[in-house]
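Spelled out from the first residue to the last, the chains are:
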Amino acid sequence: MSDILKTYMNRNVPRYTSYPTAPHFSKDFDATAYASWLHDLPPKDAISLYLHVPFCRQLCWYCGCNMKLAKRDEPIAQYARTLVQEVGLVAGHLPDRMKVSHLHWGGGTPTALVPDDLERAMQAVHQHFTVTPDAELAIESDPRTLSAEMIARIGKLGFTRASFGVQEFDPKVQKAINRIQPPDMVRRSVDGLREAGVSGINFDLIYGLPHQTVGTLLETIDLCLEMEPDRIALFGYAHVPWMARKQRLIDEAALPGPAERLLQSKAAAKALTDAGYMAIGLDHFARPSDSMALAAKTGTLRRNFQGYTTDLADTMLGLGATSIGRTPSGYVQNLSETGAWARAVESAALPVGKGVAFSMDDKLRGRVIEMIMCAGHVDLDQAGANIGAAANWYHPHIPELDQMQADGLIVRDGSRISVTDKGAPVIRVIASVFDSYLTGQPQKHAIAV
Ligand code: SF4
């Protein structure tokens, strides 16, 4: 690895699942603005729903999510009742009954709900929205706690995709991250869901975990390939114990360094592409027939809080404590404390915690960053023209772009920039050139690879 690449890799930059990124959402944003954004949505547009369950039955030490450990059922059942209320509350602010083309349950662990509560929430969705016949209905799942009854209910409710945090199968690594799930446990869940009619299976893998090596990761990938997932996301472990307190339980001395992380990431990517998966964006791989591979080929891949997505809707309504939504006017994040979120919903108030209205500059930079992250290239003049910006809007960034070109990370052709193979591992750093908020905050994000 060249010293130049090392320098870029060590920069702390966001993952750009939004722009502006979540640390720049403001607490001064209030529910009145969100209500008017909802009211102004084009009623014929299809939208997406994101439903968040912030509970887990077990604690993984690498976890960076905002979640609660729940040993009892009642807090989760109470949460589910409030979530049903919130579906109706938000729908009541819309201009009409709207179509839903994508729905995603995330967490936490959505399958921590009991099956009847999942069904009641889905009934509320169908009561207030028209779910299109070809809608993607996706749910994140934990194989350690996924019951046969829940598998059958997921199938009955028409879910089309399920994802699993596989991470790594090596027993020593699983012990070091407190996530024990042997391959057979995952295989049983995958087979059960497929038999129940869930056609799309996603796996998440992580490199850079304690005690992990290229060898353990490649063995994990071999085991995964036997289960034939349709998509695999390969993330670098982001060790940010100053933000994610659970990670203080991770033995820092056992973490691989940046050079080893790069080797792991490259070896895993090669194993997946050798097996016939198409590499997509920063960290995804898909079978060539999967809708994400088709979106990447046709230039319609997008990026949102779930990472890369085939979801083309301009609006995603976030439901549940801490969930983030997007409208054409800006981002909104619900209150993250479940009690405060529930009190707001129960008093029929939109449970808004933070938000940010898009400026024209945000829209332009957000689109450019998304194009770089999704397609690996962008025409800066064209992106500016689409949004009415001055032709020279990006000229202040030219010295940095020139340096990246000299370092072999990008190729510039007039106003078009394309990320090279050398630049691909640091694509977030390249995108960050256009982040006007990213100044003087070196500890807020994980290192770039
Ligand atoms: S990694 Fe997933 S299952 Fe584990 S604690 Fe975090 S949210 Fe829960």
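Calculation notes
By convention here, each chain's residues receive numbers from 1 onward along its written sequence. Selection of residues for local features in this predicted model requires a pLDDT of at least 70, selection of side-chain atom pairs for listing and counting requires 80 or more, and totals for whole chains, interfaces and linings are taken over all residues. By convention in this description, side-chain values take in all heavy atoms of the structure and omit both hydrogens and water. UniProt positions are given in the numbering used here, feature names are shortened, and annotations may be inferred rather than shown by experiment. Paired strands are those between which DSSP finds at least two bridges. A helix here means a DSSP run of H or I that spans at least four residues, while a strand means a run of E at least two residues long, and both kinds are numbered starting from the N terminus. Here, axes are lines fitted to C-alpha atoms. For helices the fit covers the stretch in contact, and angles between N-to-C directions go from 0 to 180 degrees. Residue contacts follow a heavy-atom distance rule, with two residues in contact if any of their heavy atoms lie within 4.5 Å. Working definition: with a 1.4 Å probe on protein chains only, accessible area under 20% of the residue-type maximum means buried, over 50% means exposed, and in between means partly exposed.

An unreviewed UniProt entry annotates the protein chain as Coproporphyrinogen-III oxidase originating from Yoonia sediminilitoris. Quoted verbatim from the Catalytic activity (unreviewed entry) field of the UniProt record, the comment on the protein chain reads "coproporphyrinogen III + 2 S-adenosyl-L-methionine = protoporphyrinogen IX + 2 5'-deoxyadenosine + 2 L-methionine + 2 CO2". Here the protein chain is described in UniProt, under the heading Pathway (unreviewed entry), as follows: "Porphyrin-containing compound metabolism; protoporphyrin-IX biosynthesis; protoporphyrinogen-IX from coproporphyrinogen-III (AdoMet route): step 1/1."

Draft legend 1. Inspection of the sheet that holds strand E17 (residues 377-379) at higher detail. Here we have three strands laid out as an open sheet, ordered E17-E19-E18, and antiparallel in their pairing. Here the strands that pair on one side only, and so sit at the sheet edges, are E17 and strand E18 (410-413). Averaged over all pairs of adjacent strands, the angle between strand axes in this sheet comes to 10 degrees, irrespective of strand direction. As judged from the three bridges shared by E17 and strand E19 (residues 416-419), these two strands associate in the antiparallel manner. By the bridge assignment for E19, aspartate 379 is matched with arginine 416. Packing of helix H12 (residues 360-375) onto the sheet brings it into contact with E17 and E19, and relative to E17 it is tilted by some 145 degrees.

Draft legend 2. Broad picture of the UniProt feature "domain: Radical SAM core" (unreviewed entry) in the protein chain. The sites that carry the UniProt feature "domain: Radical SAM core" (unreviewed entry) are, in the present numbering, residues 41-275. Spanning residues 41-275, this segment combines 39% helix with 23% strand, and its end C-alpha atoms are found 43 Å apart.

Draft legend 3. Here's a closer look at the side chain of glutamine 247. Note on placement: glutamine 247 falls in the loop between strand E8 (231-236) and helix H9 (258-274). Excluding its chain neighbours within four sequence positions, the residues that come into contact with glutamine 247 are Trp61, Tyr62, Cys63, Gly64, Tyr237, Ala238, His239, Val240 and Pro241.

Draft legend 4. How the structure looks around the pairing of strand E6 (residues 161-167). Across the seven residues that make up E6, a large majority, seven, are buried. The alternating pattern of E6 places Arg161, Ser163, Gly165 and Gln167 on one face and Ala162, Phe164 and Val166 on the opposite face, and all of these are buried. Two strands pair when backbone bridges link them, and strand E5 (residues 130-141) and E6 are joined in this way by four bridges, in the parallel orientation. Bridging across to E6, alanine 138 finds its partner in arginine 161. In this sheet, strand E7 (residues 200-207) lies alongside E6 in parallel orientation, the contact comprising six bridges. By the bridge assignment, alanine 162 is partnered in E7 with isoleucine 201.

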